[in-house]
Amino acid sequence: MINIKNNFLEIDIFNQIKKTIFDQGDQPFFPWYLQDYKVNKNDNHVQLTHVFYFKNEINSNYFDVIKPILNKLNIKNLVKIKANVTLKQNEIKPYGYHTDFNKPENEDMNTAIFYFHTTNGPTFFKDNPQVDCIENTMVAFPASLEHTGSTHTNNLFRGVLNINWR
């Protein structure tokens, strides 16, 4: 049910994508947008987000950057792609179990989480084992499976790419 693929991308491709999104140097700055909640409004968590694709439209000038990730998935109908980044906290706590879309919308839909950083903030699955947050790992599962990210304490960033498709 949960498919985990370590070393999902060739290392040079992974490093180029990660550099573009997180370490611009002399490149243009990647646009991050403040979201004042993580799972539910008023949950007292903050994250930065970047929506690449939503409502049948490319929503980002950086969409081509993530194409190597998308090309390795069996996507027939893309639904949404969003990058999330959270900052280091003092303790590890899960955010709250959820699905990215409600029933019946999430039926026959898949969700994937691609990790850009290695942190001690795992992804938890309701009634399933947790998955460690290891860079260049792809975790794919049915969109109806409840999951949650968590805070982390050992790295400045916890960046993920969240992909929903049919």
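Above this text you will find the structure in question.
This is a predicted model, so every value here is computed, not measured.

Draft legend 1. View of the nonpolar core. Grouped together as the largest cluster of nonpolar side chains are 27 residues, with contacts concentrated most on F52, I69, I81, F114, L161 and I163. Elements with a contribution of two residues or more to this core: helix 1 (11-22), strand 3 (47-54), helix 2 (67-71), strand 5 (78-87), strand 6 (110-115), strand 9 (138-142) and strand 11 (157-165). In this structure, F125, C133, V139 and L145 belong to the second largest nonpolar core, which totals nine residues.

Draft legend 2. Structural view of the sheet that holds strand 7 (residues 119-125). The three strands are arranged 8-7-10 in an open sheet whose pairing can be described as antiparallel. A strand with exactly one partner marks an edge of an open sheet, and here the two such strands are strand 8 (128-133) and strand 10 (147-148). In the sheet, strand 7 pairs with strand 8 via three bridges, with the strands oriented antiparallel. Residue pairing for strand 8: T123 is matched across the bridge by V131.

Draft legend 3. The arrangement of helix 1 in detail. For helix 1, with 12 residues, the first-to-last C-alpha span of 16 Å sits near the 16 Å given by 1.5 Å per residue. Those residues of helix 1 lying buried are F14, I17, T20, I21 and F22. Buried positions along helix 1 lie against strand 3, helix 2, strand 5, strand 6 and strand 11.

About the criteria used
Residues numbered from 1 in each chain as written. Predicted model: local features only at pLDDT ≥ 70, side-chain atom pairs only at ≥ 80, totals over all residues. Heavy atoms only, no water. Core = buried A, V, L, I, M, F, W, Y, C linked by side-chain atoms within 4.5 Å. Buried < 20%, exposed > 50% of the residue type's maximum accessible area, 1.4 Å probe, protein only. Helix = DSSP H or I, 4+ residues; strand = E, 2+ residues; numbered from the N terminus. Pairing = 2+ DSSP bridges. Expected span 1.5 Å × (residues − 1). Contact = heavy atoms within 4.5 Å.

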